[in-house]
Amino acid sequence: MQNFIEQHWKADVMPALLDYVAIPCQSPAFDPEWAANGHMDRAVRLMTQWTRAQLADVPGASVDVVTLPGRTPVIFVDIPGDDGAPVLIYGHLDKQPPMTGWTNGRSAWHPSIEDDRLYGRGGADDGYAIFSAITAVRALREQGQAHPRCMILIEACEESGSADLPYYMNHLAPRLGVPAVVIALDAGCGNYDQLWLTTSLRGQVAGALTVRVLNEGVHSGDASGVVPSSFRIANYLLSRLEDPATGEIAREFHVSIPDARRAQAARAAAALGTGFHSALPFPEDMAPVHDDVTELVLNRSWRPQVAITGIDGFPSVANAAAVMQPVTVLKLSLRLPPTLDPQVAAQRLKALLERDPPYQCKVSFRIDMVSQGWHAPVAQPWLQASLDSASSCVFGVPSAPIGGGGGIPFLAMLGDRFPDAQFVVTGVLGPQSNAHGPNEFLHIPYAKRITAAMALLLRDACVIASMPVTSDLQDVQAS
């Protein structure tokens, strides 16, 4: 099966994937004229034509482009299967903007292959998903192995918060039915040496904190000592949220971390060691915030953290005159524990920052985005055993769980819609892959192995519906 995947990837997947990476199909948040520009349609056309060719000899398989008025399109693939409850596989085709800083002649829209890496925007995040899913099904069929009914849903609005997805979930509900397993291929991996499973994702509140002390800039010689610095006040207000010495966030944004997730964080830390942080581009002699990797894993997955992602109100250093600036505006991104209600957190944050402004200056916090976190349901014994078996077969070591640091809104949507489904959330965004940034790459050998592991999972899932709830993997494989 791996030989088939290797050959198929080289002959059929890579040419199409290279063509896809070259398409600047930016998400609507970054390309409001996406419909007129036509790049999204080009990507949809490429993927659907390739998929139809791959499934031409599969009886009953369908590949549809579904478009609701005024919304980005989705691709819906339905592949009939053997016994077992259906499986839903998720991916997306829209992309982040190109960004600057690409090196060695690389660029977002001109794919290049260096060693085992495909550089360019969107290959890993996550254009590979439909190619990997189709290849996994084909690999099973080539080997004469059974597989369940497989539905593949590729949306085009994920990088804009999946705003269109709920409408398509409602529209496609009669065709989707109730999947037993949802596989999402839009997550990360701790390394490229084993199958990684994302067990949680953080929520988020993002917004702009504005502090105004003057109506216009004033010479600093006249104003300093009389007018308070808007930057100092902004820092003071932030200290209500984050301890400037330790980075600890105010207690009202914390939750109790489940013991099982603490244990999984320790497992992930043992597997990754200092590689968890050493791959980050630290300056020389710079250290992470904690020397215990388990604590770093928990910091990134279950503890709230704030980042300042933008600032307005100040000229560049080269153009800075002796002027006290009238206003400071900071863009805040507060990552939340997976189980904390983000709407409640947003109101807490707004109240915290706006109350009792020093010197009665003008302070406001504008909430720009609220995103729900996600906490995976406990894996059934057969699924955990299947994942470990697949990872051991493909990589030589069992699978590893880890909490994700980012947020993927669609998982909360799918979790609400399919509360009884099992979730397998994985992906190819590993060390240095730099999703959304310059030099984003797809680790090609890892993508092939993910494909093989997914094929083994689909094989095991095929007969689950006919097995007792207490069945283990040996029962499944024997059947």
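Cut-off values and rules
Each residue is numbered by its place in its chain's sequence as written, counting from 1. Note on the predicted model: pLDDT of at least 70 is required for a residue's local features to be given, and 80 or more for side-chain atom pairs to be given and counted; whole-chain, interface and lining totals, by contrast, use all residues. No hydrogens and no water enter the side-chain calculation; it runs on all heavy atoms of the structure. Should DSSP find at least two bridges between two strands, the strands are regarded as paired. By definition, any uninterrupted DSSP run of H or I lasting at least four residues is a helix, any uninterrupted run of E lasting at least two residues is a strand, and each is numbered from the N terminus. Only the stretch in contact is used when fitting a helix axis, every axis being a line fitted to C-alpha atoms; angles between N-to-C directions are given from 0 to 180 degrees. Relative accessible area decides the class of each residue, using a 1.4 Å probe on protein chains only: under 20% of the type maximum gives buried, over 50% gives exposed, and in between gives partly exposed. Side-chain atoms alone can form a polar contact between residues adjacent in sequence; in general such a contact is a pair of N or O atoms within 3.5 Å, and within protein one must be able to donate a hydrogen while the other accepts it. Residues are treated as being in contact if the distance between any of their heavy atoms lies within 4.5 Å. Every patch collects residues that have over 30% relative accessible area and no salt bridge, joining them within 9 Å if they carry like charges and within 5 Å if they are nonpolar side chains (Val, Leu, Ile, Met, Phe, Trp, Tyr). Calculation of accessible area relied on Shrake-Rupley with a 1.4 Å probe; when residues are assessed, cover is drawn exclusively from the protein chains displayed. What counts as a salt bridge is simple: a side-chain nitrogen of Lys or Arg found within 4 Å of a carboxyl oxygen of Asp or Glu. Think of a nonpolar core as a cluster: buried Ala, Val, Leu, Ile, Met, Phe, Trp, Tyr and Cys residues, connected wherever their side-chain atoms sit within 4.5 Å. To sort the angles, those under 35 degrees are grouped as roughly parallel, those over 145 as roughly antiparallel, those from 65 to 115 as roughly perpendicular, and the leftovers as oblique. In this scheme the handedness of a crossing depends on how the near helix is turned from the far one: anticlockwise by less than a right angle means left-handed, clockwise means right-handed.

Can you break down the sheet that holds strand 18 (residues 441-443) residue by residue, with the values?
Strand pairing in a sheet takes place through backbone hydrogen bonds and is either antiparallel or parallel in direction. Read across the sheet, 3 strands follow the order 4-5-18 without closing on themselves; strand pairing throughout is antiparallel. Unpaired on one side and paired on the other, strand 4 (112-114) and strand 18 mark the two borders of the sheet. With direction set aside, neighbouring strand axes in the sheet form an average angle of 25°. Where strand 4 and strand 5 (residues 117-119) come together, 3 bridges link them in antiparallel fashion. In the strand pairing of strand 5, Ser112 is matched with Tyr119.

Now, about the side chain of Ser230: what can you tell me, with residues and values included?
Along the chain, Ser230 falls in helix 8 (residues 230-241). Classification of Ser230 as buried rests on a relative accessible area of 2%. Among the polar contacts made by the side chain of Ser230, one reaches the side chain of Thr328 at a distance of 2.7 Å.

Got a sec to walk through the environment of Arg212? Specific residues and values, please.
The topology assignment puts Arg212 in strand 9 (residues 203-212). For the pair Arg212 and Val329, spaced 117 residues apart in the sequence, the C-alpha separation amounts to 8.6 Å. Residues in contact with Arg212, not counting those within four places in the same chain, are Pro326, Val327, Cys361 and Lys362.

Let's hear about a nonpolar patch on the surface: which residues, and what values?
Where nonpolar side chains cluster on the molecular surface, the patch consists of Phe231, Ile311 and Phe314 and spans about 280 Å² of accessible area. Mapped onto the elements, Phe314 comes out in the loop between strand 11 (305-312) and strand 12 (323-324). Given a relative accessible area of 42%, Phe314 falls into the partly exposed group.

Go over unusual backbone geometry, please, and point to the residues and values.
Apart from glycine, the bulk of residues carry a negative phi angle, and the bulk of peptide bonds sit in the trans form. In this structure, the amide linkage connecting Asp125 to the following residue, Asp126, adopts the cis form with an omega of -25°. Mapping Asp126 onto the fold places it in helix 4 (residues 123-142). In the Ramachandran plot, Asp356 falls in the positive-phi region, its phi being about 45° despite a non-glycine side chain. Mapped onto the fold, Asp356 is located in the loop between helix 12 (342-354) and strand 14 (362-371). The exposure class of Asp356 is exposed, given its relative accessible area of 63%.

Explain the nonpolar core to me, and be specific about the residues and the numbers.
Leu93 and Ile183 are the most contacted members of the largest nonpolar core, which has 88 residues in total. With 12 residues, helix 15 (residues 444-461) is the single largest residue contributor to this core. Beyond its immediate stretch of four places on either side in the chain, Leu93 contacts Tyr20, Cys25, Met40, Ala43, Val44, Met47, Ile75, Ile154, Glu155 and Ala156. With 30 residues, the next largest nonpolar core counts Val205, Leu237, Met324 and Ala346 among its residues.

Explain the packing of helix 8 against helix 12 residue by residue, including any values.
The interhelical angle for the contact between helix 8 and helix 12, taken along N-to-C directions, is 135°, at an axis separation of 9 Å. When the axes of helix 8 and helix 12 are compared, the pair comes out oblique. Here the hand of the crossing between helix 8 and helix 12 comes out right-handed. Residues Leu237, Leu238, Arg240 and Leu241 of helix 8 form the contact with helix 12, whose own contacting residues are Leu349, Leu352 and Leu353.

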